Amino acid sequence: MTAHVYAMPPGADFPAELVQGLRARMADSPPEAMARVELIVNTARMRRRVTDLFVAAGAGFLPRIRLVTDIGSQALMPGLPVAVSSLRRRLDLSVLISRLLDAQPDFAPRSALFDLADSLATLLDEMQGEGVSPDTITRLDVSDHSAHWQRTKTFMEIVAPFFGPDAQPDAEARQRLAVQALVAGWKLAEPDHPIILAGSTGSRGTTALLMEAVAGLSQGMVVLPGFDFDQPDHVWQGMDDALVTEDHPQYRFHRLLRALGLMPAEVRLWHMATAPDPARNKLVSLSLRPAPVTDQWLTEGPALPDLPTATREMTLIEAADPRTEALAIALILKSAAERGQTAALVTPDRGLTRQVAAALDQWRIVPDDSAGRPMALTPPGRFLRHVAALFGRKLTSEAMLTLLKHPLAATGGDIRGPHLRLTRELELWLRRVAAPFPDETVLARWLDRQTDPLAPAWVDWLGRVFAQVDIPVSLPLSDHVARHLRCAELLAQGWESLGSGQLWVDGPGEETRAFLTNLTTEAAHGGILSCTDYRNLFEAVIAKADVRDNAVPTPGIMIWGTLEARVQGADVVVLGGMNDSIWPPLPDPDPWMNRRMRHDAGLLLPDRRIGLSAHDYQQAIAAKTVVLTRALRNAETETVPSRWLNRLVNLVGGVVERNGPQALADMRARGRYWLQTAQDMERIIPDGRAPLRPAPCPPVAARPAELPVTAIKRLIRDPYAIYARYILKLRPLNPLHPQPDALLRGTVLHSVLERFMRDRPVETRAEAKARLARLTEETLLEQVPWAAARLFWQARLARAADFFLDDVDQNGGTPLVLETRGVQPLAPLPFSLTGQPDRIDRLADGRVHILDYKTGTPPSRKEQTHFDKQLLLLAMMAERGAFAQHGPMEVARVTYLGLGTAPKAVTTEITPELQAEIAAGLPRLIGSYLSPDKGFTPRRAFQKENDVSDYDHLSRFGEWDMTVMPTTIMVGQ
């Protein structure tokens with residue numbers, strides 16, 4: 001019997017043309033005949049749109065619309081065993097893989113346990129869908145493969161019971177059993193009503209089996225989406241080798257037609273379905289020819305239609321970075337909304353879709369995102385992940401405060417405000433006392449200093465919350481889940497309420513609660529897990545779940561995955577992220593079978609996913625108006641354009657006979673318009689002005705009347721930091737988890753050398769060196785709690801000991817001032833300079849020598865002249881008697897003593913000329929900043945472009961760059 005196969009070209013609005021063609025076919029039949037038609041579609045979105053189109057056409061009967069997956073439902077096939085859930089199958093497999101890892105620890109790290117279970121479950125689904133048994137794989141010849149594949153064969157024997165006759169099937173196995181039963185029934189008695197299977201490509205074996213059966217029915221019809229009617233017969237005939245051509249967009253149709261015994265020319269056009277631009281379809285078809293025959297570009301390219309005409313509705317955007325790409329896409333979607341057009345972004349890149357949605361939010365445009373949001377990124381999902389991260393780990397201040405500050409913490413009753421106030425007080429105290437691990441003793445110390453009457457109940461609540469996770473033992477999965485749930489709900493409800501606060505409220509909360517309920521139901525199959533294994537399992541499982549946003553979307557503005565794009569129609573289609581590894585996405589790693597083994601076993605090759613993505617691309621690029629976008633760089637490196645975009649650009653640019661170079665230039669010119677608009681927007685803030693590089697200008701009375709000598713360098717290089725620190729009184733917070741950083745290293749060095757020089761006895765060089773080593777060890781034990789840092793710093797100072805002692809001996813001075821504060825008024829200015837030199841030595845001639853210790857590289861003489869004036873200013877202070885107990889002192893020289901990896905001394909002789917320069921320069925600098933119209937410019941003269949200020953976020957650096965001139969802003973008037 002002749003198979004009945006129809007198709008629509010790429011770009012045709014598949015659901016609309018399907019409905020129109022079906023209505024036309026049934027026009028001469030009685031109205032009730034439509035109700036007897038059985039229409040099988042591949043997605044729920046397709047079913048909804050087909051239903052909407054029938055309803056919009058007016059009163060009448062609907063066909064019986066079913067999904068392909070409905071065939072395996074219990075209602076249609078009640079005699080088949082019930083399918084197990086996907087989660088249960090993965091938990092069952094995780095138990096088996098855990099045993100494998102215990103027996104063969106070198107097979108994979110234990111952290112990969114649940115990734116392996118997921119990938120193996122995917123393999124089992126595929127084996128069941130393609131009708132491949134474990135016996136087929138165990139019979140494979142792997143003699144020329146590594147021992148890893150031998151272990152795979154062994155593991156197939158372990159999971160063989162999942163394929164036994166008494167095994168409970170999963171969804172894919174049940175679907176195949178249902179399709180086989182249905183096809184067997186049709187062979188005995190054909191249906192007496194039309195059956196139409198529409199929209200599937202036959203990429204999975206079970207679906208292809210159903211398509212073959214439907215096409216062979218006397219009243220059966222298969223309608224293929226995106227069939228390339230422009231592809232020549234000789235290309236179709238050359239697609240037999242799956243290893244070479246399975247990544248082609250039309251390969252699945254070729255395989256289906258071969259199975260049905262049809263030639264491509266026998267595929268009929270469904271109704272009058274036409275592509276929006278047939279000329280463009282010819283161009284794209286030629287660009288996608290299989291790699292072995294791309295030489296046909298040379299012969300068939302000149303026969304293409306005029307390319308500027310074929311590409312007049314195409315735009316190519318090549319953005320500098322993903323941010324600019326996202327903003328350009330958002331502008332295109334906004335423009336379409338303003339014109340009343342429907343517009344859709346189609347991309348597999350979920351990072352790009354989030355950036356575009358964020359950019360659209362500034363115009364209050366909410367796109368209809370078909371994929372929703374990853375559950376792991378919703379507030380309840382993040383909250384649960386933070387709680388899970390505590391299991392089996394010592395509680396840190398950072399982890400505790402992350403949870404306490406979460407918007408869902410303490411949301412039961414009217415306690416959120418007091419909770420945040422107490423959290424703030426605790427955080428400031430923890431930073432002040434440097435308590436990285438807030439155990440009961442630490443919290444009790446904080447409570448002793450509190451007068452808030454709510455503090456005792458609040459601390460008691462914290463103890464009850466975090467006691468839930470302080471059980472570092474292996475437990476059944478069900479116990480882990482129950483403990484996780486108790487801790488999360490107790491943390492969400494607060495210390496005065498019952499229930500679970502706002503944790504399970506609204507759409508994301510309800511869906512997350514349902515997710516946890518499902519995990520609880522299936523937990524009995526998860527075995528015994530350590531806390532680490534449970535954390536990894538929870539992260540892996542929640543990463544697979546999505547949540548639909550409950551915000552009302554803006555009509556006509558959509559974000560689609562490539563699957564949704566097949567069944568929708570839009571006036572403007574944006575294909576975003578057209579870079580390799582996105583279009584097409586990288587194949588998932590397969591730890592079980594390599595490419596050749598898959599081919600020999602009859603499984604799908606990794607190229608199948610590439611071919612499906614290519615088919616999605618071929619359909620989407622055929623839309624009426626299409627925009628292709630890519631970023632030339634990502635956060636790490638230059639990107640590579642998608643292979644299909646690369647082919648299209650090379651083909652268009654090379655067909656000179658059909659004005660290809662002009663067509664390509666026009667596409668890029670249209671793209672530059674949107675890029676320029678995006679760049680203009682980046683330079684504009686909401687009130688219409690360009691982003692400012694602020695130079696705040698406070699009242700003179702608010703400006704500092706005193707600065708230390710160490711702040712003068714900052715005043716020269718980054719005046720804004722002086723404004724923020726000394727006028728706004730903003731100081732960086734201490735870290736929650738102190739680290740052995742450069743600041744602590746400098747503190748330790750100064751403490752060691754001060755103790756060494758303060759009470760120095762008469763001693764030999766060996767005794768001095770031994771005493772210095774002993775003081776170093778003592779100081780490190782007192783101030784540095786990290787054993788590795790102590791050893792490293794002790795060795796570092798030991799290497800510099802001889803250099804330091806040589807300097808002490810050569811200078812021959814007597815320590816006069818050690819870490820003593822001095823104050824020097826700068827009359828007639830209302831300003832004083834303060835300083836605390838590391839050391840001032842009195843020399844034999846009565847003059848003094850000022851020294852400063854550095855753990856890094858000391859500043860050069862040129863840097864001291866223009867920026868690092870610390871020692872020169874201390875010299876001026878000493879000359880003027882700023883250190884009162886010693887009176888005025890004549891300074892011979894100043895020295896920066898670098899005691900880092902490469903010890904070095906930088907000495908400057910103090911001459912009368914230099915003294916006069918210092919005495920004149922400082923009042924001029926301070927007087928300038930005491931002027932009422934002088935602003936404090938951020939990053940005025942940084943040494944390096946990538947230097948960081950503690951106040952960059954406050955000055956909004958990043959919205960402006962160093963080429964922007966500062967704008968004086970009067971503040972505090």
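Residues numbered from 1 in each chain as written. Predicted model: local features only at pLDDT ≥ 70, side-chain atom pairs only at ≥ 80, totals over all residues. Heavy atoms only, no water.

Undergrad: With reference to specific residues and values, describe the overall build of the protein.
TA: A count of helices and strands for the protein gives 37 helices and 26 strands. Overall size of the protein, expressed as C-alpha extent along the three principal axes, is 115 × 65 × 65 Å. Counting across all 973 residues of the protein, residues that qualify as buried make up 50%. Intrachain contacts of the protein at a sequence separation of at least 6 include 76% that bridge at least 24 residues. Carbon and sulfur atoms form 54% of the exposed surface of the protein, whose accessible area is close to 43,800 Å². The distance from the centre of the 108 positive side-chain charges to the centre of the 115 negative ones in the protein is 4 Å. (Helix = DSSP H or I, 4+ residues; strand = E, 2+ residues; numbered from the N terminus. Buried < 20%, exposed > 50% of the residue type's maximum accessible area, 1.4 Å probe, protein only. Contact = heavy atoms within 4.5 Å. Areas by Shrake-Rupley, 256 points an atom, 1.4 Å probe, with all protein chains shown as cover. Lys, Arg positive; Asp, Glu negative; His and termini not counted. Charge placed at Lys NZ, Arg CZ, Asp CG, Glu CD.)

Undergrad: Quick rundown of the packing of helix α22 (residues 477–493) against helix α24 (residues 531–542)? Include the residues and the values.
TA: Where α22 contacts α24, the two axes come as close as 11 Å, and the packing angle between them is 70°. As far as their axial angle goes, α24 and α22 are roughly perpendicular. On the side of α22, the interface is formed by L477, H480, V481, R483 and H484, while α24 contributes C531, Y534, L537 and F538. (Axes fitted to C-alpha atoms, helices over the stretch in contact; angles between N-to-C directions. Parallel < 35°, antiparallel > 145°, perpendicular 65-115°, else oblique.)

Undergrad: Tell me what's going on with the environment of G392, and back it up with residues and numbers.
TA: Structurally, G392 is set in the loop between α17 (379–388) and α18 (397–404). Given a relative accessible area of 38%, G392 falls into the partly exposed group. Residues G392 and A787, spaced 395 residues apart in sequence, show a C-alpha to C-alpha distance of 24 Å. Contacts of G392, omitting those with residues within four sequence positions, involve V469, P472, C531 and R535.

Undergrad: Give me the lowdown on the pairing of strand β7 (residues 314–319), citing residues and values where you can.
TA: Counting buried positions along β7 gives five out of six residues, so the element sits mostly inside the fold. Bridge count for β7 against strand β16 (residues 625–631) is six bridges, and the pairing is parallel. Considered in β16, the bridge of T315 is made with V627. (Pairing = 2+ DSSP bridges.)

Undergrad: Give me the sheet that holds strand β1 (residues 5–7): which residues, what numbers.
TA: As a general point, the strands of a sheet are linked pairwise by backbone hydrogen bonds and lie either parallel or antiparallel. Pairing is parallel in the open sheet, where six strands are placed in the order β3-β2-β4-β5-β1-β6. The open sheet is flanked by β3 (64–67) and β6 (268–269), the only strands paired with a single partner. Pairing analysis gives three bridges linking β1 to strand β5 (residues 220–224), with the strands arranged parallel. For A7, the partnering residue across the bridge sits in β5 and is L224. Contacting β2 (38–41) and β3, helix α2 (residues 44–56) runs over the sheet at an angle of about 165° to β3. Its contacts with the sheet place helix α8 (residues 205–215) against β1, β4 (195–198) and β5, and it is angled at close to 130° to β5.

Undergrad: How would you sum up unusual backbone geometry? Please name residues and give values.
TA: Excluding glycine, most residues fall at negative phi; most peptide bonds, likewise, are trans. At the junction of W583 and P584, the peptide bond is cis and its omega measures out at -5° in the coordinates. Relative to the helices and strands, P584 is located in the loop between β15 (572–575) and α26 (595–601). At H271, a residue that is not glycine, the phi angle is positive and equals roughly 50°. Considering the arrangement of structural elements, one finds H271 in the loop between β6 and α12 (278–287).

Undergrad: So what's going on with the sheet that holds β7? Which residues, and what values?
TA: Taken in spatial order, the six strands make up an open sheet running β7-β16-β15-β8-β14-β9, and their pairing is parallel. Here the strands that pair on one side only, and so sit at the sheet edges, are β7 and β9 (368–369). In terms of strand pairing, β9 meets strand β14 (residues 557–560) through two bridges, oriented parallel. Bridge pairing in β14 places D368 opposite M558.

Undergrad: Requested: an account of the packing of aromatic side chains, with residues and values cited.
TA: Applying the stated criterion to the full structure yields 17 aromatic pairs. Look at F391 and Y534: their rings are 5.6 Å apart centre to centre, the planes differ by 20°, and that puts the pair in the stacked class. Taken together, the positions of F391 in the loop between α17 and α18 and Y534 in helix α24 put the pair 143 residues apart, joining distant regions of the chain. Across the pair, Y534 and F391 agree in class, each one buried. Measuring from centroid to centroid gives 5.8 Å for W461 and W495, while their planes differ by 50°, and the two rings are tilted. Taken as a pair, W461 in helix α21 (residues 455–467) and W495 in the loop between α22 and α23 (506–522) lie far apart in primary sequence, 34 residues in all. Each member of the pair, W461 as well as W495, carries the same accessibility label: buried. Of the aromatic side chains, those joined through ring pairs into one cluster are F227, F229, W236 and F253. One cation-aromatic arrangement involves R483 over F391; the distance from NZ or CZ to the ring centre is 4.4 Å. Just above the ring of W504 sits the side chain of R513; from NZ or CZ to the centre is 5.3 Å. (Phe/Tyr/Trp six-rings, centres within 6.5 Å; stacked < 30°, edge-to-face > 60°. Lys NZ or Arg CZ within 6 Å of the ring centre and 35° of its normal.)

Undergrad: Can you explain helix α7 (residues 171–188)? Please cite residues and give values.
TA: Over its 18 residues, α7 runs 26 Å from end to end, which matches the ideal 26 Å to within 8%, given 1.5 Å per residue. Within α7, the full set of buried residues consists of A173, R174, Q175, R176, A178, V179, V183 and W186. Looking at the buried positions of α7, the neighbouring elements they touch are α4 (113–130), β4 and α8. (Expected span 1.5 Å × (residues − 1).)

Undergrad: Would you mind going over the nonpolar core in detail, with residue names and values included?
TA: Within soluble globular proteins, side chains that are nonpolar tend to cluster in buried spots. F383, W458 and W461 are the most contacted members of the largest nonpolar core, which totals 88 residues. In terms of residue count, the dominant contributor to this core is α4 (nine residues). With residues near it in sequence (within four places) discarded, F383 still touches L403, H406, L408, A409, A488, L491, A492 and L503. The next biggest cluster of nonpolar side chains, apart from the first, holds 43 residues, and it includes V709, I850, V894 and I918. (Core = buried A, V, L, I, M, F, W, Y, C linked by side-chain atoms within 4.5 Å.)

Undergrad: Talk me through a nonpolar patch on the surface; I want residue IDs and the actual numbers.
TA: A cluster of nonpolar side chains, namely L728, L730 and L954, defines an oily patch on the protein surface of about 210 Å² accessible area. Considering the arrangement of structural elements, one finds L728 in the loop between α31 (719–727) and α32 (742–758). (Patch = residues over 30% accessible without salt bridge, like charges linked within 9 Å, V, L, I, M, F, W, Y side chains within 5 Å. Salt bridge = Lys/Arg side-chain N within 4 Å of Asp/Glu carboxyl O.)

Undergrad: Pulling in residues and values, what's your account of the pairing of β3?
TA: Alternating positions in β3 separate cleanly, I65 and L67 being buried on one face and R64 and R66 remaining unburied on the opposite face. As paired elements, β2 and β3 share four bridges and run parallel to each other. Its bridge partner being in β3, E38 is matched across the sheet by R64. Considered for its hand, the β-α-β crossover made up of β2, α2 and β3 is right-handed. (Right-handed = clockwise from strand over helix to strand, strands pointing away.)

Undergrad: Lay out the side chain of T937 with the relevant residues and their values.
TA: Within the secondary structure, T937 is located in the loop between α37 (912–929) and β26 (966–970). Excluding residues that lie within four positions of it along the chain, T937 makes contacts with R693, P694, A695, D718, P719, Y720 and P966.

Undergrad: I'd like a rundown of the confidence of the model for the protein, residues and numbers included.
TA: Averaged over the protein, the pLDDT score is 87; the fraction of residues at 70 or greater is 96%. Model confidence for the protein, summarised as mean pLDDT per element, is weakest for helix α6 (residues 147–158) at 68 and strongest for β7 at 96. (pLDDT = per-residue confidence, 0-100.)

Undergrad: Before we move on, can you summarise the state of the cysteines with the specific residues and values?
TA: Scanning all chains against the criterion turns up zero disulfides. Cysteine C531 shares no disulfide, and the gap to the nearest cysteine sulfur, in C487, comes to 12 Å. The class for C531 is buried, based on a relative accessible area of 5%. (Disulfide = S-S within 2.5 Å.)

Undergrad: Report on the side chain of R939, specifying residues and quantitative values.
TA: Within the secondary structure, R939 sits in the loop between α37 and β26. A polar contact is formed between the side chain of R939 and the backbone oxygen of E945, at a distance of 3.0 Å. For R939, the residues in contact, after removing those within four places along its chain, are R693, R717, D718, E945, D947, V948, S949, D952, F957, W960 and M962. (Polar contact = N/O pair within 3.5 Å; in protein donor to acceptor, adjacent residues only side chain to side chain.)

Undergrad: An account of the pattern of salt bridges is requested, with residue identities and associated values reported.
TA: Across all of its chains, the model carries 42 salt bridges by this definition. Note that D13 and R49 form a salt bridge whose closest N and O atoms lie 2.7 Å from each other. Note that D13 is positioned in the loop between β1 and α1 (14–25) and R49 in helix α2, a separation of 36 residues in sequence. The buried category is assigned to R49, whose relative accessible area is 18%.

Undergrad: Would you mind going over the environment of P191 in detail, with residue names and values included?
TA: Examined against the element boundaries, P191 turns out to sit in the loop between α7 and β4. In this structure the C-alpha to C-alpha distance between P191 and R668, which are 477 residues apart in sequence, comes to 54 Å. Setting aside anything within four residues of it in sequence, one finds P191 in contact with W186, L217 and Q219.

Undergrad: An account of the packing of α32 against helix α34 (residues 787–811) is requested, with residue identities and associated values reported.
TA: A pair of packed helices can be characterised by two numbers: the angle between their axes and the separation between those axes. Closest axis-to-axis distance for the α32/α34 pair is 12 Å, and the angle between their directions is 45°. When the interaxial angle is binned, α32 and α34 end up oblique. Taken as a pair, α32 and α34 cross one another with a handedness that is right-handed. Contacts from L744, R745, V748, L749, V752, L753, F756 and M757 of α32 reach α34 at W793, R796, L797, F804, L805 and V808. Each residue belonging to the contact of α32 with α34 can be placed in one class, and the counts come to twelve nonpolar, no polar and two charged. (Left-handed = near helix turned anticlockwise from the far one by under 90°. Nonpolar A, V, L, I, M, F, W, Y, C, P; charged D, E, K, R; others polar.)

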